[in-house]
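Below are the chains, spelled out letter by letter.
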Amino acid sequence: MNWKGRLIETISRVAARWWFPDARGEWRFFARQRLLSLLHAIDPHVVISSHEPATTLQLGMMAKTLGFPWLVDLGDPVLAEYTPRRWRRRSLRLERMTCERADAITVTTDGTRRLLVERHDVDAARVQVMTQGFDPAIGVDPCVAVFQPEFLELLFTGSFYAFRRPESLVDAVIAAPGVRLNIATSRVPASLEIRIAQHPDRIRLLGYLPHETVRALQRNADVLVNIANDNPEQVPGKVFEYLGAGRPILHLEAAAKDEAGLLIEAKRRGLRCAMDSSEIQVALAQLARLKHEGAFDAAFDLSEESVQEFSWTHIGRILGRRLALLVGGKCI
């Protein structure tokens, strides 16, 4: 980043020490005024708060106090593994108040649903699991990367976080003949930059790409690579986008009961293995053999029909029915 970017990052880091839940908390004052005017002008049938940031829950609670039905789209718990220690008590209190006052709650995984029910004694009937999803493929694929038939072409799209480290994957790719890893991301760890420089024929950095281009690449790669979140009960939104691409998925996990891996396995959509270089090499050898035998379709179920329940169209219909019931005054 240039000096302006570093200055903004510093200001945000300092602000996050004082604003709850982080620097985005400063938005609440302005959003509150705008929300009041919108509620008066529109008089909506229902108000939806989509978390995070937790600021949206504070605003939604205000709408509920004014008498509007309130649905909370709670992606992650307010009190999560990454919550700073200084905000943990406040986060738990807001989470409890949300569970008590919301007319309905949607979460993305069964694990989050169980956690809320156990942590706050929530009526399970008020918590609906609605996963993230994918958009069906439309139009011609504007593929910018040339995937070569002699390689097993792996594709990773997304971001690398502190818990999402690619070193074991990269070491396995370098050690596996005939395998190439393509990475579409805006920023890579320094350790990966070194390996790219040393093995440009085996690791290809595509940089930041428009979302539609990324989706096209996903539909054309041999295998899509997903690195599990730190929390085994979380299923990253990227997994559902991968499901919609119709390609085998190699899922790398740190826990045996990782929900994303269990989903991929249940749908016969790919392979799951530990984030260990030697185990990844075994999986890569199996995938390379299947590719060269033309046996992907026999080994996996890559049809869109098998994952149709995760399409945004299907999920939207479910949400529509839930909202209709909520507005009708019935329990969801």
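For the structure given in this document, a descriptive report is provided here.

Rules used in this analysis
- Residues numbered from 1 in each chain as written.
- Predicted model: local features only at pLDDT ≥ 70, side-chain atom pairs only at ≥ 80, totals over all residues.
- Heavy atoms only, no water.
- Helix = DSSP H or I, 4+ residues; strand = E, 2+ residues; numbered from the N terminus.
- Rg over C-alpha atoms; globule rule 2.2 N^0.38 Å.
- Contact = heavy atoms within 4.5 Å.
- Salt bridge = Lys/Arg side-chain N within 4 Å of Asp/Glu carboxyl O.
- Buried < 20%, exposed > 50% of the residue type's maximum accessible area, 1.4 Å probe, protein only.
- Patch = residues over 30% accessible without salt bridge, like charges linked within 9 Å, V, L, I, M, F, W, Y side chains within 5 Å.
- Areas by Shrake-Rupley, 256 points an atom, 1.4 Å probe, with all protein chains shown as cover.
- Phe/Tyr/Trp six-rings, centres within 6.5 Å; stacked < 30°, edge-to-face > 60°.
- Lys NZ or Arg CZ within 6 Å of the ring centre and 35° of its normal.
- Axes fitted to C-alpha atoms, helices over the stretch in contact; angles between N-to-C directions.
- Parallel < 35°, antiparallel > 145°, perpendicular 65-115°, else oblique.
- Left-handed = near helix turned anticlockwise from the far one by under 90°.
- Nonpolar A, V, L, I, M, F, W, Y, C, P; charged D, E, K, R; others polar.
- Core = buried A, V, L, I, M, F, W, Y, C linked by side-chain atoms within 4.5 Å.
- Pairing = 2+ DSSP bridges.

## Considering the overall build of the protein chain
Then step 1. Looking only at helices and strands, the protein chain features 13 helices and ten strands.
Then step 2. Relative to the compact-globule value of 20 Å for 332 residues, the protein chain shows a C-alpha radius of gyration of 22 Å, a close match.
Then step 3. Its C-alpha atoms put the protein chain at 65 × 50 × 40 Å along the principal axes.
Then step 4. Within the protein chain, contacts between residues at least 6 apart in sequence are counted, and of these 67% link residues at least 24 apart.

## Side note on the pattern of salt bridges
Then step 1. Tallied over the entire structure, the rule returns 14 salt bridges.
Then step 2. Two residues, arginine 119 and glutamate 95, come together in a salt bridge whose shortest N-O distance is 2.6 Å. Placement of the pair is arginine 119 in helix 5 (residues 110-120) and glutamate 95 in helix 4 (residues 88-101), with a sequence separation of 24 residues.
Then step 3. On the accessibility criterion, glutamate 95 (1% relative accessible area) is buried.
Then step 4. Linking aspartate 171 and arginine 195 is a salt bridge whose minimum nitrogen-to-oxygen distance equals 3.0 Å. In this pair, aspartate 171 sits in helix 6 (residues 167-175) while arginine 195 sits in helix 7 (residues 190-198), placing the two residues 24 residues apart along the sequence.
Then step 5. Overlapping salt bridges, with partners in common, bring together Asp22, Arg24 and Glu52 in one network.

## Thoughts on a nonpolar patch on the surface
Then step 1. There is a patch of nonpolar side chains on the surface, built from Trp3, Leu7 and Ile11 and spanning about 350 Å² of accessible area.
Then step 2. Within the secondary structure, tryptophan 3 sits in helix 1 (residues 3-15).

## Topic: the packing of aromatic side chains
Then step 1. If you walk through the whole model with that rule in mind, you get five aromatic pairs.
Then step 2. Ring geometry for phenylalanine 296 versus phenylalanine 300: centroids 6.2 Å apart, planes at 40 degrees, classification tilted.
Then step 3. For phenylalanine 296, a relative accessible area of 9% translates into the label buried.
Then step 4. If you follow arginine 180 out to its NZ or CZ, it ends over the ring of phenylalanine 151, 4.6 Å from the centre.

## Topic: the packing of helix 8 (residues 211-220) against helix 9 (residues 237-245)
Then step 1. Where helix 8 contacts helix 9, the axes come no closer than 8 Å and their chain directions differ by 55 degrees. As judged from the angle between their axes, helix 8 and helix 9 are oblique. Regarding helix 8 and helix 9, the two cross each other, and that crossing is right-handed. Side by side, helix 8 and helix 9 meet where His211, Arg215, Gln218 and Arg219 of the first sit next to Lys238, Glu241, Tyr242 and Ala245 of the second.
Then step 2. For the contact of helix 8 with helix 9, a count of residues per class yields two nonpolar, two polar and four charged.

## Observations concerning the nonpolar core
Then step 1. With 33 residues, the main nonpolar core has Leu152, Leu154, Leu250 and Leu284 as its most contacted residues.
Then step 2. Those elements that place two or more of their residues in this core are strand 5 (152-157), helix 6, strand 6 (179-184), helix 7, strand 8 (223-227), strand 9 (249-253), strand 10 (270-274) and helix 11 (277-292).
Then step 3. Once residues within four sequence positions are removed from consideration, leucine 250 is found in contact with Val223, Leu224, Val225, Asn226, Leu271, Cys273, Ile280, Ala283, Leu284 and Leu287.
Then step 4. If you look at the next biggest cluster of nonpolar residues, it comprises 25 residues, including Ala31, Leu59, Trp70 and Leu74.

## Things to note about the sheet that holds strand 7 (residues 203-205)
Then step 1. As summarised here, the arrangement of the six strands in space is 7-6-5-8-9-10, forming an open sheet in which the pairing is parallel. What marks the edges here is a single partner per strand, and that holds for strand 7 and strand 10. Across this sheet, the average inter-strand angle for adjacent strands is 25 degrees, counted without regard to direction.
Then step 2. Taken together, the two bridges between strand 5 and strand 8 define a ladder with parallel strand orientation. Its bridge partner being in strand 8, leucine 155 is matched across the sheet by leucine 224.
Then step 3. Taken strand by strand, helix 11 contacts strand 5, strand 6, strand 8, strand 9 and strand 10, and its axis lies near 165 degrees from that of strand 10.

## Structural notes on the sheet that holds strand 4 (residues 127-129)
Then step 1. Across the sheet, four strands lie side by side as 1-2-3-4; this open sheet has parallel pairing. The sheet is open, and its two borders are formed by strand 1 (47-51) and strand 4, each paired with just one other strand. Neighbour-to-neighbour, the strand axes of the sheet open up by a mean angle of 20 degrees, direction not taken into account.
Then step 2. Bridge analysis of strand 2 (residues 70-74) against strand 3 (residues 104-107) gives three bridges, and the strand direction is parallel. Residue pairing across strands places leucine 71 opposite alanine 104, the latter belonging to strand 3.

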